[in-house]
Structure formats: structure tokens, C-alpha cells
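Structural description and commentary
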Amino acid sequence: MKITKVEVIPLDMDLDEVFKGGTYQVASRPTIVTRVYLENGIVGETYGGDEFHTQSEIVDLIRDHLSALVIGDDCRDFARLWEKMFHVDVDLGNRGLHQLDMHPRGILMQAISCVDNAIWDARGKLFNTPVYKLLGGCKERVPVISIGGYYAKPGEDSLEKISAEVQSLLDAGIAGIKMKVGRATLEEDFERVRAARTTGGKDFVIAVDANQGWAPLDAVKFCVAMERENLGVRWMEEPIAWYDQTDGLMLLQQKTSIPITVGQGEISGRACRDLILKGGVNILNVDCTLCGGVTEWQRIADMARYMNVEMAHHEEPQIAIHLIAANPHSTYVEIFNNRTRDPLLWELPEDFPIIKDGYMEVPKGPGFGIKLREDVIERYRK
Ligand SMILES: [Mg+2]
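As the structure is a computational prediction, the values presented were derived from the model and not from experiment.

1. Some points on helix 2 (residues 78–86)
- Among the residues making up helix 2, those that are buried are L81, W82 and M85. Along the axis of helix 2, the buried residues cluster in a sector spanning 105 degrees; they form a single face.

2. With respect to the pairing of strand 4 (residues 31–38)
- Burial analysis of strand 4 places seven of its eight residues in the buried class, the great majority of the element.
- Sheet topology places strand 1 (residues 3–11) next to strand 4; eight bridges connect them, and they run antiparallel. Bridge pairing in strand 4 links I9 to V33.
- Taking the residues between adjacent antiparallel strands as the criterion, strand 4 and strand 5 (residues 43–48) are bridged by four residues, where G41 takes a positive phi near 100 degrees.

3. Re the coordination of the magnesium ion
- Here the magnesium ion is held by the protein donor atoms D209 (OD), E237 (OE) and Q264 (OE1), which lie 2.0 to 2.2 Å from it.
- Spacing between the donor residues of the magnesium ion along their common chain follows D-x27-E-x26-Q. Residue D209 is located in strand 8 (residues 205–209), and its partner E237 is located in strand 9 (residues 233–237); the two are separated by 28 residues in the primary sequence.
- With a relative accessible area of 2%, D209 lands in the buried category.
- Judged by relative accessible area, E237 falls into the buried class, the value being 0%.

4. Comments concerning the packing of aromatic side chains
- One pass over the structure, following the stated rule, counts eight aromatic pairs.
- A ring pair is formed by F19 and Y150, whose centres lie 5.3 Å apart and whose planes are at 70 degrees; its orientation type is edge-to-face. Of the two residues, F19 is situated in strand 2 (residues 14–20) and Y150 in the loop between strand 6 (141–148) and helix 5 (158–171); the sequence distance between them amounts to 131 residues.
- Relative to F86, the ring of W82 lies with its centre 4.8 Å away and its plane at 25 degrees, an arrangement referred to as stacked. On the criterion of helical spacing, the pair formed by W82 and F86 is a turn pair, its members being four residues apart in helix 2.
- On the basis of relative accessibility, which here comes to 2%, the residue W82 falls in the buried class.
- By relative accessible area, F86 is classed as partly exposed at 21%.
- An aromatic cluster of three or more residues is present, and its members are F190, W214 and F222.
- Seen from the ring of W120, R123 lies directly overhead, with NZ or CZ sitting 4.5 Å from the centre.

5. A short note on the side chain of R192
- Among the structural elements, R192 can be located in helix 6 (residues 186–200).
- When sequence neighbours within four positions are dropped, the list of residues in contact with R192 reads G149, Y150, Y151, S158, L159, I162, M179, K180 and V181.

6. A closer look at the sheet that holds strand 1
- Spatial strand order, 1-4-5: three strands in an open sheet with antiparallel pairing. One side of each edge strand has no neighbouring strand; the edge strands of this open sheet are strand 1 and strand 5. This sheet shows a mean twist of 15 degrees between the axes of neighbouring strands, independent of strand direction.
- The pairing of strand 4 with strand 5 spans six bridges and is antiparallel. For T34, the partnering residue across the bridge sits in strand 5 and is T46.

7. Notes on the nonpolar core
- Membership of the largest hydrophobic core comes to 85 residues, with the highest contact counts inside it found for V181, V193, V208, M226, M236 and L284.
- At seven residues, the largest contribution of residues to this core is made by helix 11 (residues 317–326).
- Counting residues domain by domain, this core receives three or more from each of domain 1 (3–128 + 375–380) and domain 2 (133–372).
- Sequence-distant contacts of V181, defined by excluding residues within four places in its chain, comprise G22, Y151, D189, R192, V193, V208, D209, A210, W214, F222 and M236.
- Core analysis: the second largest hydrophobic core is formed by 30 residues, I58, I107, V115 and I267 among them.

8. Describing the domain arrangement of the chain
- By domain assignment, the chain separates into domain 1 (3–128 + 375–380) and domain 2 (133–372).
- Using only C-alpha atoms to locate each centre, domain 1 and domain 2 end up separated by 23 Å.
- Residue-level contacts link 46 residues of domain 1 with 44 residues of domain 2.
- The largest share of the area that domain 1 buries against domain 2 comes from F19, Y47 and W120, three residues that together contribute 18% of it.
- Remark: the boundary between domain 1 and domain 2 carries three salt bridges.

9. Regarding the packing of helix 5 against helix 6
- Relative orientation of the contacting elements helix 5 and helix 6 amounts to 35 degrees, with a least axis distance of 9 Å. Crossing of helix 5 over helix 6 shows right-handed handedness. Here S158, L159, I162, S163, V166, Q167 and L170 of helix 5 lie close against helix 6, whose contacting residues are E191, R192, A195, A196, T199 and G200.

Rules used throughout
- Residues numbered from 1 in each chain as written.
- Predicted model: local features only at pLDDT ≥ 70, side-chain atom pairs only at ≥ 80, totals over all residues.
- Heavy atoms only, no water.
- Buried < 20%, exposed > 50% of the residue type's maximum accessible area, 1.4 Å probe, protein only.
- Helix = DSSP H or I, 4+ residues; strand = E, 2+ residues; numbered from the N terminus.
- Arc of directions from axis to C-beta.
- Pairing = 2+ DSSP bridges.
- Donors = N, O, S within 2.8 Å, 3.2 Å for Na, K, Ca; no water.
- Phe/Tyr/Trp six-rings, centres within 6.5 Å; stacked < 30°, edge-to-face > 60°.
- Lys NZ or Arg CZ within 6 Å of the ring centre and 35° of its normal.
- Contact = heavy atoms within 4.5 Å.
- Axes fitted to C-alpha atoms, helices over the stretch in contact; angles between N-to-C directions.
- Core = buried A, V, L, I, M, F, W, Y, C linked by side-chain atoms within 4.5 Å.
- Domains from an automatic or database assignment.
- Buried area = accessible area lost by both parts, 1.4 Å probe.
- Salt bridge = Lys/Arg side-chain N within 4 Å of Asp/Glu carboxyl O.
- Left-handed = near helix turned anticlockwise from the far one by under 90°.

Structure, rendered in C-alpha cells:
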């Protein structure tokens, strides 16, 4: 079944407020819609990524180079198509895409991800099967948490803000929160986690994400304190800066039994392998819009399983829900329950998956089972 055309559409929208995490802030919501057309009229489509700085380079790479590698070829041969894209040889002139530097490597892997993910949707439609069943189909619904706990704006009460957000998640039937830490003092952040536990009650899932905000010993202090108070934190995410992850995480793991999550900053399966082998990693949250798509994500998941590492997924629930549902050693799908943080999550799909009793239903339609709204794509097209 031949691919006849690849279409790529960059989107962007300004957010109504600026959201501050441990080491960064978010003021806009960019993403890339990718469509793969098959010779029988099927169109695979999905969206993914929130890259602002290199969005146009990713789009150009797909349009000018990757498309030609998959057009005319069989969409069923996803592993072979992936190899063709991964080993693309592109001369872009001065320094070009020679893959010696981190920057072009990241652009390449995000571009491959766009095409690979859209091919998975097309294959699902071709076989009239949801992607999670193509991958193995372990779960019909998956537990859902919300990314949140962004820092208070001037004038807001930090602890009241956390408590109100946790209550809103309980009211929405969401199982837990992945909250930001790493920007305030350790003491202030600790109080914020304690407030989340007090409001959430003992069964509410709390994960904390420092976005690489700490030195190793600060991460140790924070995790030891959370453990001493028995705050029941499900995992500690990206506690330590990227340049100190291997030895730093090993040091942390020797001092705490709180599971450590990393991986969203990695762009290759081999980097995930090295993290697991060298670092103190319990959960990988590698992102299929960054690491080379569903094809490579599942290979990483298979590797992690044999190394007793659980799988999470950084954001992107429109695809991640299928990956979490397809694997026995998976954790939670993540959404932004606050619609102002990610309006596209709620506006782009014609139907958003049902959330109830802490779980999100896996879409049962073919492919990713989520049809994108053309009017929304047109509104935010760059
Ligand atoms: Mg994170």
C-alpha cells in the first residue's frame, strides 16, 4: 500500500497566560500536524511536538527530504521506512544536517517522529485497527494524571493555588497531578507538595517534576525529606541537570526509594539505553514526538521492560494513550486539565477521550482514533 503524499502543517497560538515550571516558562503552543496519504484514499494524520525555535526547520526537513524517502513506498514496512529516514543523507550547505551536532540531530529526530507517527495512523486505518491493538493491546483504559502545579503569579497564594488545582482535578475524575518543583526554595517546594497531599488525600497520585532544576545534593535533600514525611510521591522526574544525569541520578538513587523518571530530554533509543545502564532510572518518559515516533518508542519500551524500567510518556496524550495502553509495564497518560495551558489538546480533536474515575478511555477508532478539526488547523496555521 503505497504512500502518495506527505503534508506537514505548522501551527502556533499565543497562550492567555505564561506558565512557569522549574527551569522554563511557556507562552505559546506550537505544534506540527502531519498527514500521510495512501494510494487507496486513506489519510493518516496526527499532531505532535511543541518546538518553537526549530519548528520551521523540522517542517522544511520533512517537505524537502523525508517526504521523498517514503512517497512511493509501502506504508506497512514501518521499520524499513524508519531506517531510510534515520540514515537520510542531506546536504543543506554550510554545516547542514550532518548530524554531528546535537541541534540538527534533534531536528532530524522530531521530523522522523512526525512522519512515523502519521504512518502509524495510516496503517491503523488501513487495517481498521486502533494503534494500541496493532502494538499488542494490553489495556482498554489507562490511568490519567494532569501536568500542573505551575508557580503562582505575583499576588497569588502559592499553597492555595496548589490546593485549588488539586481539588479541581479530583472534581474532574483525574487520578493525580504531576506538579512543578525546582524553581522555589526547597522549603517552599516541600510545602507545596505537602499542600497537594493534604488536599488530594492518600490515594491521589502525586508526581513531582523539577525540570532538571537541581544539583544532585539538592535532589537528595528533597527526596529524603519527602520520604521522611511519607508524602507518597509516585515518582521524582528530571531532578538533575542534563549534564549530571548519570552519576547524579546514581547518587540520588542510593539515597531514596522514590522512583526516578527521566527520558523526555533524550532523542534516541541508544541514549535511553545508556541512561538505564549508567544512571539510576526507574521510569523512562521518552517522548514519541522527539525520539523518532511510535516505531522507536516501542523498541525503547521493549528494551526497558527487560531492564525492569517502567514506561511513562512526556505529554502528547493523543498518541501516548495508545503507547501506555499497549504496554504492560506502563504508568499514566498525562494531560493538561487546565485548558488555558494547552488549548489545542481540547480544540483540535473532534472528540476528546472520556475521562472517568481516574482513567482515560483509549480511543477505539482505527489509527489513533482522533479526527482533527480542519477549522482549528486553519485558524492556527502559520
Ligand atoms: Mg517533565
